[in-house]
Each structure stands twice: as structure tokens, then as C-alpha cells.
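Each chain, written out:
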Amino acid sequence: MPVEPPNDVLAHHQQVEHDLRRKAETAQLLLDAARYLGETLEIERVYDRFHELLADAIQHDGVVVSSFDERESLIRCEYAWVEGEHVDPATLPELKLSTAGGMQSEVIRTGRPLLENDVGGRVAGDEGGTFYDVDREGTVRKLPDTGPTHVQAAMMVPIKDEGRVVGVVQLMSDERTYTEDDLELVEGLVGLMAGAVRMARLQTERRRAEASEAAAKAVAAEREQEARLFKAVGDGIFYVRREGVVRFWNRSAELITGLSSEDVLDRAAAEVVPGWAAIAEQVAVTEDDSVPRVARVPVEVGGRELWLSFVAVGRPEGVVYAFRDMTAERELEQAKSDFIATVSHELRTPMTAVYGAARTLLRPELDLSSEQRTELLEMIATQSERLAQITEEVLLASRLDRGEVTVERDRVDVGELARGTVDAMQPHLGAEVTLDAPQSAFATGDRDRIQQILINLLDNAAKFSPRGGGITVSVSQDADHVRLAVADQGVGIAPSEQQAIFEKFYRVDPHLTETPGGTGLGLYICGELAGRMEGKIAVESEPGRGSTFVLELPRSRTAE
Ligand code: ADP
């Protein structure tokens, strides 16, 4: 076994120790560098820190960090520092990857670092590469045409991402040469920098992705909110885009018009929205922040005329329409205005008669006989009664509405009541009334109110029998009910009207001149009173053949 001389052993030990110390120092530096670089997630700052670390570790006069775009085969400067000054990377020309020479290109092609201690010689001898010299002002000089370079040595280290070269770091010195150790250190630093850049890139991308996701979410949330709101509101809402296509049709729009969104969406409004021409013409579109104007438009839907009130608000891409069904309100308004006209008319007739009769009686020059006077006074009495009756009806209807009317719960003999009422009314009715009632039939209710209903029904029976015909009043009973029916042979009531005649103010054909006068309140009052006595009123009728109104009351349980 050969024995080495002690001197050599010592020298060897010293060398090993020196190497180890250097390695430890390098490792320490790289660890610190890793921490330092990892602290920032902004690419510019990563380059700055990388350069700071380099400055501490290795003397240099220039640093250039370039990226390599594989698709375009282009080398672009990302960061440059020359003799103490930052140089705008945009001032350095992009380089096409050279297939033969060039130092950066060689590093990219081979993926291995390069150490060149005679840059001048390399520039002179390298035919395939393109060489530039940059000074601290950023002035770029092409080499060797513009003279020799002042760079002595250069280290070029590839930046790798998952094994692929994505860039190059160049470190240049004007005075000194570099060693393999220097290169190793730079490689370590570049590796760390590449990691930090990758992290920074990822972070930027993530931030961008997060921002766009957040923006998308905000838009979606807003849309959802709008949709929820539009769904919930009772108003119909639809959206028509500039080109005339319906893009939104909410639940209320479906309910009001009876058209489902499938029927309407993505189709031309002119084809699918009922009454579109009238809507588009009459509904003004509000474009700014001003309060939208409401337009009422009659629209024919499913054979029925609806009164819809519309507002329209312009959006950049179209118009949002909101509408409400005002048909019921309109009908009520219509009924009210009809009522006012009717009542005025109804009042005017007896008032004119009373006034005329009174004036006649007051004229001294007229020598009236006592019969004539009696006749006039009777007319005044009858017409005043009619006036009182109309007033009474109007007042009673409004008291019923306000819940101010109470009814008695007495034991009432409806048979006897019918007999008495028919006897009393007969002379005034101008029609033959037949009575079909048992001796007695006891109901629970309010005697006066039952009589009031009967009078009203008898009045109507006579009024709506212009060609005469008898009237039959019948009283019947079963275990639970007493029924009082008034049948006539008059004009009758169409099935479609049979429900409506019990509504307030409702009169069949109120505008027809041959229709007898009335307020449209009589049957409404009858129905309301019957209900308060826990009874009800109904009609059976055949137009042209007559009607039968039946009041049903609970039978009295008290011992007879
Ligand atoms: P009014 O008689 O004052 O008009 P009502 O409430 O009593 O008001 O009746 C409402 C409507 O019902 C009448 O206008 C009439 O068209 C119809 N009607 C009521 N009774 C009869 C009847 N016996 N025969 C035919 N139509 C009737």
C-alpha cells in the first residue's frame, strides 16, 4: 500500500477542507438566496433581488436576463444592468435563435451552461452568432462591425422550467476571468431565481384568474339576484333585444298572458307578444335615470281583453318592459263611472217629476181641480219614495261594505211573511202574483231584511217582465232549510251573467235604452244580507223564458 508523503497528505487535506468550506459557504448563500428570492412574488422584484445576490457573490460589469420563446424561436431581454445602471430591456433587440453559433443560442440549444474567458476571441471566430455590446446608457452596438468588445469574460446559464430552456442569464466582466466555481455558484442562483420567477408568474396568473373569476361571480350573482327579483315580483317582466328578439319572460308574464317562456323566448316580439304593435307604439322607452312613464294598453289575450299598464326602460342592448294587469281595477273604475251615471240618471227622473208637480201646484193661474191636485201630490209622494229608496240602497251598500250592518237572529215565519208582503205589493206590481206557501215555515233570520229581499226580488220580477206574465212566490222547507223562491216569465238572464248580477253596480246592458232603470245594487244587497243571515241567494234562468231567484235560509230549530 503506497504511503503518501506527509506534505502531500497535508496539502490534500487542506484542499479538501477548503473545498468543503467553499461548498458550505455556497450552500449557505444559496439557502439565504432561496429565502430572499422566495419572499417576493413580483417578477421585477425577483430580478432585482437576484442581481443583488449576484453582486454580493461575484464581480461583474453586466447582467442580462433573457427569456426564450420556443414557439417563435426568439430570445428577448427581460432584465439588463450594465456598469451600475439599469437598462430598459426593450432597448435590446430581440434575437432569433441561431442554429450554429452565438453564445446564448448555444446555451439554449444544449441546455448546458457556458463559460467564456475570451469573449473578444469568441466574437471574432463565431460566424453563426450575433453579438451586441450594450453600454450603461443603453446604446446597443453590433459586434464585431463597430469595433472590438470590451467584455473579457462571460458566464451564460440556462433558466429551466421542467427541463426545458426558457431563458438565459448572462454575467459579464470587463476585467477578470471566471472559474468553474463561479459558474457553479451562478448556476445555483439562477436555479433559485427561475423557481422564484415561476412562483411569481403562477401567482400573477392566479391573481388574474381569481380576479376574473371574482368578476364573473359578481356578474353571475347580480344576474341571479335580478332573476330572483324578477321572478318574485308580481309584475310581468320581459326583455326585448335591439334586434327585436325576446330574451327574458318571467313567471308573472306567463301567468298574466298565459304564454309560457318556451312559447316566447328567442322569438321575435312582433310575432309572439300579444298586442306588440300597440305596446311598441304607445309605451315610451325611458333611456336615462328619469322616472318611466306608465302607459295603459288594451291587449287581447286568449280571447279576453286585458288592460295592462306598461313601463319600458332602455338598456344598452335592448329594452326591459314591466307590466301589470289592471283589468280588475279598470273594470271597477268602469263600474263606478257607470254607477255614477246610473245614479244621476235614476235620481234625475223622480226629481224632475217632483219638481214639475210642485211647480204646477204652485202656479196660481192654473185652476186645478181637487182630483188633479191629489194626483200631483200622489206623484210627488211616489217619486219621493223612489228617491228615498235609491238613497237608501246606496247608503246600505256602503254600510254593508264597511261591515256596519247587523242582522237579527229571530224566528221568522217565512210563509206568513210572504203572504203579507205579496198582498201588500200586489196592487203596485202590475203583474199577477201567485203564492204557493205552507201555513207556516220557520227560518232563523231578520224579518225586515227577509222582507226587503222579497220586495227587491218581486220588484225585479215585474221590472224585467216587459211583456207581462205571472209571478210565482213559493215557500218550501226541508230538514235544514226554508226556501223562498220568486219566479217570473220575463226576459231571463244569460248564463254568463248569472253570477255577475250579484256584484255591486252590475247591470246587464246598462247602456241599452229599453233596459229598465236601476242602480245595480239591489241584488248585491240581497246577496250580502242573505249571507249575514247564514243563508244564500241563487238564480236559475233561461233567457227569454224567465228567471227564478231562490233565497235559502237556515230552518229555525226552536220549538214551534
Ligand atoms: P237593478 O235592478 O237596480 O239594475 P239589481 O242588482 O237588482 O240592480 O239587478 C242587477 C241586474 O240583474 C239587473 O240590471 C238585470 O239586468 C238583472 N236582473 C235582476 N233580476 C232579474 C230578473 N228577474 N229577470 C231578468 N234580469 C234580472
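These lines cover the structure that appears in this document, whether it is placed above or below.

**Some words on the pairing of strand S14 (residues 304-315)**
Here's step 1: Relative to S14, strand S12 (residues 285-286) is paired through two bridges, and the arrangement is parallel. The partner of Val-285 across the bridge, within S14, is Ala-312.
Here's step 2: Note: strand S13 (residues 295-301) against S14, seven bridges, orientation antiparallel. Within S14, the residue paired with Glu-300 across the bridge is Glu-305.
Here's step 3: The loop that links S13 with its antiparallel partner S14 comprises two residues; one of these, Gly-302, has a positive phi angle of about 50 degrees.
Here's step 4: Pairing geometry for S14 and strand S15 (residues 318-325), over eight bridges, is antiparallel. From the neighbouring strand, Val-313 faces S15, where its bridge partner is Val-320.
Here's step 5: Between S14 and S15, which pair antiparallel and follow one another directly, the connecting turn spans two residues.

**Re the nonpolar core**
Here's step 1: Residues Leu-458, Val-473 and Leu-484 are the most contacted members of the largest nonpolar core, which totals 50 residues.
Here's step 2: Top contributing element to this core by residue count: helix H13 (residues 447-463), with seven residues.
Here's step 3: In this view, Leu-484 contacts Val-414, Ala-418, Ile-450, Leu-454, Val-473, Ser-474, Val-475, Phe-549, Val-550 and Leu-551; residues no more than four positions away in its chain are not counted.
Here's step 4: If you look at the next biggest cluster of nonpolar residues, it comprises 30 residues, including Trp-81, Val-186, Leu-189 and Ala-194.

**Observations regarding a nonpolar patch on the surface**
Here's step 1: A cluster of nonpolar side chains, namely Leu-41, Met-199 and Leu-202, defines an oily patch on the protein surface of about 260 Å² accessible area.
Here's step 2: By the secondary structure assignment, Leu-41 is in the loop between helix H1 (6-38) and helix H2 (43-57).
Here's step 3: Leu-41 gets classed as partly exposed once you look at its relative accessible area, which sits at 31%.

**Details of the site of the ligand**
Here's step 1: Every one of the 20 residues lining the ligand counts as a neighbour, but Asn-460, Asp-488, Arg-507, Thr-519 and Leu-523 are closest to it.
Here's step 2: Between the ligand and Val-508 there is a distance of 3.3 Å, counted from an oxygen atom to a backbone nitrogen or oxygen.
Here's step 3: Take Gly-520: an N or O atom from its main chain is 3.0 Å from an oxygen atom of the ligand.
Here's step 4: The element that contributes the greatest number of residues to the shell around the ligand is H13, accounting for three residues.

**A look at the sheet that holds strand S20 (residues 481-487)**
Sheet strands pair by backbone hydrogen bonding; their relative direction is either parallel or antiparallel.
Here's step 1: Pairing within the open sheet is mixed, and its five strands lie in the order S17-S19-S20-S22-S21. If you trace the sheet from one side to the other, it starts and ends with strand S17 (433-436) and strand S21 (536-542), each paired once. Strand after strand, the sheet turns through a mean of 15 degrees between neighbouring axes, direction not considered.
Here's step 2: With respect to the sheet, helix H12 (residues 414-429) is in contact with S17, strand S19 (471-477), S20 and strand S22 (546-554), its orientation differing from that of S17 by roughly 175 degrees.
Here's step 3: Along the sheet, helix H14 (residues 522-532) makes contact with S21 and S22, crossing S21 at roughly 135 degrees.

**So, the side chain of Asn-250**
Here's step 1: Positionally, Asn-250 belongs in the loop between strand S11 (246-249) and helix H6 (251-257).
Here's step 2: There is a polar contact of 2.9 Å between the side chain of Asn-250 and the backbone nitrogen of Ile-237.
Here's step 3: Among the polar contacts made by the side chain of Asn-250, one reaches the main-chain amide nitrogen of Ala-253 at a distance of 2.9 Å.

**What about a negative patch on the surface?**
Here's step 1: A cluster of acidic residues, Glu-42, Glu-44, Asp-48, Glu-52 and Asp-56, forms a negative patch on the protein surface.
Here's step 2: The topology assignment puts Glu-52 in helix H2.

**Observations concerning the pattern of salt bridges**
Here's step 1: In this structure the tally under the stated criterion is 22 salt bridges.
Here's step 2: Two residues, Asp-478 and Arg-483, come together in a salt bridge whose shortest N-O distance is 3.4 Å.
Here's step 3: The partly exposed category is assigned to Asp-478, whose relative accessible area is 31%.
Here's step 4: Overlapping salt bridges bring together Asp-69, Glu-72, Arg-76 and Glu-94 as one network.

**Focus on the packing of H13 against H14**
Here's step 1: Relative orientation of the contacting elements H13 and H14 amounts to 150 degrees, with a least axis distance of 10 Å. As judged from the angle between their axes, H13 and H14 are roughly antiparallel. At the point where H13 passes H14, the crossing takes the left-handed sense. Each of Arg-449, Gln-452, Ile-453, Asn-456, Leu-457 and Asn-460 in H13 lies in contact with H14, whose residues at this interface are Gly-522, Leu-523, Ile-525, Cys-526, Leu-529 and Ala-530.
Here's step 2: Along the lines of polarity and charge, the residues of the contact of H13 with H14 split into seven nonpolar, four polar and one charged.

**Brief notes about the packing of aromatic side chains**
Describing an aromatic ring pair means giving the distance of the ring centres and the angle of the ring planes.
Here's step 1: For the structure shown, the criterion picks out eight aromatic pairs.
Here's step 2: On the numbers, 5.0 Å between centres and 15 degrees between planes, the contact of Phe-238 with Tyr-321 is stacked. Of the two residues, Phe-238 is situated in strand S10 (residues 236-241) and Tyr-321 in strand S15; the sequence distance between them amounts to 83 residues. Residues Phe-238 and Tyr-321 agree in their burial class; the two are buried.
Here's step 3: Judged by centre distance (5.8 Å) and plane angle (65 degrees), the ring pair of Phe-238 and Phe-323 falls under edge-to-face. One end of the pair, Phe-238, is in strand S10; the other, Phe-323, is in strand S15, and 85 residues separate them in sequence.
Here's step 4: A relative accessible area of 1% means that Phe-238 is categorised as buried.
Here's step 5: Joined through ring pairs, the aromatic side chains of Phe-238, Trp-249, Trp-276, Phe-310, Tyr-321 and Phe-323 make up one cluster.

**A closer look at the packing of helix H10 (residues 327-362) against helix H11 (residues 370-401)**
Here's step 1: Contact geometry of H10 with H11 gives a least axis separation of 9 Å together with a crossing angle of 155 degrees. Accordingly, the angle class assigned to the pair H10 and H11 is roughly antiparallel. When the axes of H10 and H11 are compared, the crossing they make is left-handed. Contacts between H10 and H11 involve Phe-339, Val-343, Glu-346, Leu-347, Pro-350, Met-351, Ala-353, Val-354, Ala-357, Ala-358, Thr-360 and Leu-361 from the former and Arg-373, Leu-376, Leu-377, Met-379, Ile-380, Gln-383, Ser-384, Arg-386, Leu-387, Ile-390 and Val-394 from the latter.

Cut-off values and rules
- Residues numbered from 1 in each chain as written.
- Predicted model: local features only at pLDDT ≥ 70, side-chain atom pairs only at ≥ 80, totals over all residues.
- Heavy atoms only, no water.
- Pairing = 2+ DSSP bridges.
- Helix = DSSP H or I, 4+ residues; strand = E, 2+ residues; numbered from the N terminus.
- Core = buried A, V, L, I, M, F, W, Y, C linked by side-chain atoms within 4.5 Å.
- Buried < 20%, exposed > 50% of the residue type's maximum accessible area, 1.4 Å probe, protein only.
- Contact = heavy atoms within 4.5 Å.
- Patch = residues over 30% accessible without salt bridge, like charges linked within 9 Å, V, L, I, M, F, W, Y side chains within 5 Å.
- Areas by Shrake-Rupley, 256 points an atom, 1.4 Å probe, with all protein chains shown as cover.
- Salt bridge = Lys/Arg side-chain N within 4 Å of Asp/Glu carboxyl O.
- Near = heavy atom within 4 Å.
- Polar contact = N/O pair within 3.5 Å; in protein donor to acceptor, adjacent residues only side chain to side chain.
- Axes fitted to C-alpha atoms, helices over the stretch in contact; angles between N-to-C directions.
- Lys, Arg positive; Asp, Glu negative; His and termini not counted.
- Charge placed at Lys NZ, Arg CZ, Asp CG, Glu CD.
- Parallel < 35°, antiparallel > 145°, perpendicular 65-115°, else oblique.
- Left-handed = near helix turned anticlockwise from the far one by under 90°.
- Nonpolar A, V, L, I, M, F, W, Y, C, P; charged D, E, K, R; others polar.
- Phe/Tyr/Trp six-rings, centres within 6.5 Å; stacked < 30°, edge-to-face > 60°.

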